[in-house]
Each structure stands twice: as structure tokens, then as C-alpha cells.
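Each chain, written out:
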Amino acid sequence: METHKIYIAPSILSADLLQLKTQVEMLTENGADFIHVDVMDGHFVPNLTFGRNVVKTLKRITSLPLDVHLMISNPDLYIEDYARAGADILTVHEEACTHLHRTLQSIHQQGIKAGVSLNPATPIATIENVLDNIDLLLIMTVNPGFGGQKFIPQGLKKIAEARRMIDTSGRDILLEVDGGVDSSTVESIVQHGANVLVSGNAIFGPPDIVAAMKQLKAKAEKA
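Treat the numbers as computed from the prediction; the structure is a model and nothing was measured.

Engineer: Quick question: what am I supposed to make of the environment of H99 here?
Structural biologist: Checked against the element boundaries, H99 lands in the loop between β4 (89-93) and α4 (100-109). Taking relative accessible area as the criterion, H99 reaches 45% and is therefore assigned partly exposed. Along the backbone, H99 and D76 are 23 residues apart, and their C-alpha atoms lie at a distance of 9.5 Å.

Engineer: Just checking my understanding: could you explain the sheet that holds strand β3 (residues 66-71) for this structure?
Structural biologist: Strand pairing in a sheet takes place through backbone hydrogen bonds and is either antiparallel or parallel in direction. With respect to topology, eight strands assemble into an open sheet ordered β1-β8-β7-β6-β5-β4-β3-β2, the strand pairing being parallel. Of all the strands in the sheet, just β1 (7-10) and β2 (35-40) have a single pairing partner and so form its edges. Direction aside, the axes of adjacent strands within the sheet are offset by 25° on average. Here strand β6 (residues 136-140) pairs with strand β7 (residues 174-178) via five bridges, running parallel. Bridging across to β7, M140 finds its partner in D178. Taken strand by strand, helix α8 (residues 209-222) contacts β1 and β8 (196-199), and its axis lies near 150° from that of β1.

Engineer: I keep staring at the packing of aromatic side chains and nothing clicks. Help me out?
Structural biologist: What characterises a pair of aromatic rings is the spacing of the ring centres plus the angle enclosed by the ring planes. Tallied over the entire structure, the rule returns one aromatic pair. Here Y7 and F34 contribute two aromatic rings whose centre-to-centre distance is 5.4 Å and whose plane-to-plane angle is 20°, an arrangement assigned as stacked. Residue Y7 is located in strand β1, and its partner F34 is located in the loop between α1 (20-29) and β2; the two are separated by 27 residues in the primary sequence. For the pair shown, Y7 and F34 are each scored as buried.

Engineer: Would you explain the pattern of salt bridges in this entry?
Structural biologist: For side chains of opposite charge, pairing can occur when their charged atoms come near one another. In total, this model carries seven salt bridges according to the counting rule given. Two residues, D33 and K217, come together in a salt bridge whose shortest N-O distance is 3.0 Å. Taken together, the positions of D33 in the loop between α1 and β2 and K217 in helix α8 put the pair 184 residues apart, joining distant regions of the chain. We classify D33 as buried; its relative accessible area is 13%. You can call K217 buried: its relative accessible area is 15%. The partner of D167 in a salt bridge is R163, and the shortest N-O contact between them spans 3.1 Å.

Reading the values: the criteria
- Residues numbered from 1 in each chain as written.
- Predicted model: local features only at pLDDT ≥ 70, side-chain atom pairs only at ≥ 80, totals over all residues.
- Heavy atoms only, no water.
- Helix = DSSP H or I, 4+ residues; strand = E, 2+ residues; numbered from the N terminus.
- Buried < 20%, exposed > 50% of the residue type's maximum accessible area, 1.4 Å probe, protein only.
- Pairing = 2+ DSSP bridges.
- Axes fitted to C-alpha atoms, helices over the stretch in contact; angles between N-to-C directions.
- Contact = heavy atoms within 4.5 Å.
- Phe/Tyr/Trp six-rings, centres within 6.5 Å; stacked < 30°, edge-to-face > 60°.
- Salt bridge = Lys/Arg side-chain N within 4 Å of Asp/Glu carboxyl O.

Following this line, the structure appears as C-alpha cells:
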């Protein structure tokens, strides 16, 4: 993966579950780069969503990398399960990990890429000492738990700070943003340094999801 190329990761949190197979296939065939899967446990965040069986099903539907975001407590207990189900990238929250370095090692031991996510109130400095173990850094620009929330503007400063840290490290780390990514925010997000864009409502909300995704990607690439 080219760490300065723009990648679009449609989030199935906003998909029509009755049409999940059709929608994922359409996005796969028309330029999506990842499929983003938000796993929520009703404990770490106030919502329940998908489990490992959904990841396993998606693996049969799409050839795209599955970008699995664990918004759960005790993620260490489930790393092997989600890796076996088909996750290509497994992202855990810094706030949910007692021993983050050990958790990242456990993910890599499964032969997949490891990501770390930071909530809006969590400083970038918390992951500085594990940067050598990260393949993807996810900046949350809403409080995790629900789709359709408005972008928190202070997130732009944090994205820029993360970009500087990554560039200084010389590491090939993808910088992902999740939360309120739409046509009104995508240009600023990219200009501040992000290159993986998670979007749910902005893609799955309009009647033509392929056109919505292409328009979002084109705007990002021009930024």
C-alpha cells in the first residue's frame, strides 16, 4: 500500500443490510479500496453492531482488504478470532488496551496489519512509543458509537500532528480518519494529511452509492 495515495474505505455501518452483498459488490467493482467494518460491543461504545461472522461473510463477497475496527473492551481476547474470520487490518483503541505494545504484537503474530485508533480526547503522544509497531493510525473525528455524527473541527489539528509524527518516523503508516467524512469536510481532512477516508452516510445515504463514492474520492484526490 502506498502511504500517500488516497484510499476510500466505505463503512458498512451505514449500509442497507438487506442489500449488503449487492452494495459491497458494487463498491468493490467501482473503485473502493477497503471495506471498513465497525465492531461495537455495547460496552466500550454505546452501540452493538457486527461480529466475526459478518467479517467471515464479507470475505466471501469481496476481494478488497477488510479494515476491521474493534471498538470493544478487552480486544486481546478476540484478535485471533477476527484474524481467522478474514480481517486484513485489525485496529484496536489505545483507550481499550492495558498493554498496547503487546496487543499490537499479537495482531502481527496473526500475519495481518495492526492499527491503533484514538478517540477525539486522546492525545497523539499516547502512541509515540509504539509507532514502530503500527501499520495504520486511525483518528476518530467523532465520538465512536454511532454513524451520522458531525465532524469535530478540532480533529484537523490532530490529523496534522499525526502526519508530522508519521513523516518524522520514516515509517510506512497509513493515516485514516473516521467520523463526519463527507463532501464538506473531505478536502480539509486530506489537506491536513489523512490518506485513508472512512465514510458511511456520505456513501450509503444517497440513492446512487457508486456515484457518491466516486464523487467523494475525486474531491479527495483534488485536495
